[in-house]
Amino acid sequence: MKQLQEKLEAIFQDFHRHPEISGKEFRTTEKIKAYLTEWGVSLISLPLPTGALAQIGFGNRPVAALRCDLDALPVQEETGLLYASEVPGCMHACGHDFHMTSVLGAALLLKERESRLKGTVRLIFQPSEEVNEGAVPVLRTGLLEDVSEYYGIHTDPEIEAGTLGIREGAVMACPDHFQIRIHGRGGHGAQPHLSVNPIPCAASVALALQQAVPGKISPFSPCVLSVCRIQAGDAWNVIPGQALLEGTLRTMSEKDRATGILTIREIAEHMAKAWGCTAETVFFSAPPPVVNNADLAAFAAETAQSLGIRVIQQEPSMIGEDFAEYLQEKPGCFIRVGTGIGPGLHHSKFRADPSVLSGTAEFLSELVFRRLEKMSGSQHGKES
Ligand SMILES: [Zn+2]
Ligand SMILES: [Zn+2]
């Protein structure tokens, strides 16, 4: 285990030093492929510019998938770590370097037990998670159609290192992004009666959204609405023709999401009309909420505990995660890995404690190993 830990720490530090932003994970992809090839793990050709697919086992069903993500963020690192990012303005501030390394570690451990696997483990090294553009293209390749269950992890700076956060049901939100363009009519700041100022309208829309959207959703169902950007005008004495509002709606179910979207559209349209403006509302595509299967979450918790890992009930998060797309296809479980309490995800001082890499790898390998045993047992049961 000590040897595995040392190996994984070296891999992790290398990934951390060389972060790459979404869609540009070229070096990362090459490194992953090189490690897997060196360890004799078979690669599956993935027809995408970045990302990788591999498998352990011989392609027989059942198939369980372990997914991790590869991309970093446009953040200037301020951790002061010896192995801090060598790329100015780019940092693994979401712990995806930790995820990749853990899945690589699991691959090493599973490879040692390949002949005893009761099925196949598919390894997904997914690009572009941060921009929600990674999971759907990987799924569209059709290379995952035989997968029965999906597992993924995320670092958690609110959980102590060595503890896992596991929960059934909705654990991460649908991260909708909306944009509202308010059209008025520009003019002289001294003559508002001859123009239609979109700024007070935009301010009213922002305030109304903050109150009305959560007000339409049950207080027992989490919902967040944040207007995060408001932009209009270029001069102190000119009424602009347009104003732009942008923000995010976070919900935990498709029903609340639909209610939220409808309310945002209606408020923008009606409020704009009241001010003599018009509004154009656009929603950009976003993944659904991450909803963990109850049986698989319980199985994951039992597996962790049997390995002596502490498990706590994971707090749901209003952050989004495109792992949700896989769960639209098949059941699975997304697990939070405590990597030491510290600055939050996406923070320039975020750090994931590498001392728990080998433990995480062992947990992941054991989880899918046991799931395959369980699934193949129940399949035989059905045949007989
Ligand atoms: Zn992130
Ligand atoms: Zn992330």
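Everything below is about the structure shown above.
Residues numbered from 1 in each chain as written. Chains lettered and ligands numbered in written order. Predicted model: local features only at pLDDT ≥ 70, side-chain atom pairs only at ≥ 80, totals over all residues. Heavy atoms only, no water.

Participant: Would you mind showing me how to read the coordination of the zinc ion (ligand 1) here?
Facilitator: Six octahedral donors around a metal ideally subtend angles of 90 or 180 degrees, whereas four tetrahedral donors ideally subtend 109.5 degrees. The coordination sphere of the zinc ion (ligand 1), as far as protein atoms go, consists of Cys94 (SG), Glu130 (OE), Glu130 (OE) and His346 (NE2), spread over 2.0 to 2.5 Å. Mapping the donors of the zinc ion (ligand 1) onto the primary sequence gives the spacing C-x35-E-x215-H. The metal-metal distance between the zinc ion (ligand 1) and the zinc ion (ligand 2) is 3.2 Å, with Cys94 serving as a donor to both. In this pair, Cys94 sits in the loop between β3 (63-69) and α3 (96-112) while His346 sits in the loop between β16 (332-338) and α9 (357-383), placing the two residues 252 residues apart along the sequence. Judged by its relative accessible area of 7%, Cys94 is buried. His346 gets classed as partly exposed once you look at its relative accessible area, which sits at 40%. (Donors = N, O, S within 2.8 Å, 3.2 Å for Na, K, Ca; no water. Helix = DSSP H or I, 4+ residues; strand = E, 2+ residues; numbered from the N terminus. Buried < 20%, exposed > 50% of the residue type's maximum accessible area, 1.4 Å probe, protein only.)

Participant: Which parts of the structure should I look at to understand the coordination of the zinc ion (ligand 2)?
Facilitator: Around the zinc ion (ligand 2), the protein contributes the donor atoms Cys94 (SG), His96 (NE2) and His154 (NE2), at 2.1 to 2.4 Å from the metal centre. In the primary sequence, the donor residues of the zinc ion (ligand 2) line up as C-x1-H-x57-H.

Participant: Could you clarify how one ought to interpret helix α1 (residues 2-17) in this entry?
Facilitator: An α-helical turn contains 3.6 residues, so a residue and the one three or four places further along point in the same direction. Taking 1.5 Å per residue as the helical rise, α1 with its 16 residues ought to reach 22 Å, and the 23 Å between its terminal C-alpha atoms agrees with that figure. Listing the buried residues of α1 in full gives Leu4, Gln5, Leu8, Ile11, Phe12, Asp14, Phe15 and His16. (Expected span 1.5 Å × (residues − 1).)

Participant: What exactly am I supposed to notice about helix α7 (residues 294-306) here?
Facilitator: Its 13 residues give α7 an end-to-end C-alpha distance of 18 Å, which sits within 8% of 18 Å, the value for a rise of 1.5 Å per residue. For α7, the complete set of buried residues consists of Leu296, Ala297, Phe299, Ala300, Ala301, Thr303 and Ala304. The opening residue of α7 is Asn293, an N-cap whose side-chain oxygen sits 2.9 Å from the backbone nitrogen of Asp295. Among the residues trailing α7, Gly308 stands out with phi positive, at a value near 80 degrees. (Polar contact = N/O pair within 3.5 Å; in protein donor to acceptor, adjacent residues only side chain to side chain.)

Participant: So what exactly am I meant to see when it comes to empty space enclosed by the protein here?
Facilitator: Remark: the empty space left among the atoms is shown by a probe the size of a water molecule rolled over them. Enumeration over the complete set of coordinates arrives at 1 cavity of 30 Å³ or more. Taken as a whole, the largest cavity holds about 40 Å³ of empty space. Classifying every residue of the lining of the largest cavity gives 5 nonpolar, 2 polar and 2 charged. (1 Å grid on protein atoms, 1.4 Å probe; cavity = no way out; pocket = protein on both sides within 12 Å on 5 of 7 lines; lining within 4 Å. Points joined across faces, edges and corners; volume = space filled by probe spheres on them. Nonpolar A, V, L, I, M, F, W, Y, C, P; charged D, E, K, R; others polar.)

Participant: How should I be thinking about the packing of aromatic side chains in this particular structure?
Facilitator: Geometry of an aromatic ring pair is reported as the spacing of the ring centres plus the angle between the planes. Summed over the entire model, instances satisfying the criterion amount to 8 aromatic pairs. With a centroid separation of 5.8 Å and an interplanar angle of 70 degrees, the aromatic rings of Phe12 and Tyr83 are classed as edge-to-face. With Phe12 in helix α1 and Tyr83 in the loop between β3 and α3, this pair connects stretches of sequence that are 71 residues apart. Ring geometry for Tyr35 versus Trp39: centroids 5.8 Å apart, planes at 20 degrees, classification stacked. The exposure class assigned to Tyr35 is buried, which follows from its relative accessible area of 14%. Over the ring of Phe369 we find Arg113, and its NZ or CZ is 3.8 Å from the ring centre. Sitting over the ring of Phe299, Arg371 keeps its end group 4.6 Å from the ring centre. (Phe/Tyr/Trp six-rings, centres within 6.5 Å; stacked < 30°, edge-to-face > 60°. Lys NZ or Arg CZ within 6 Å of the ring centre and 35° of its normal.)

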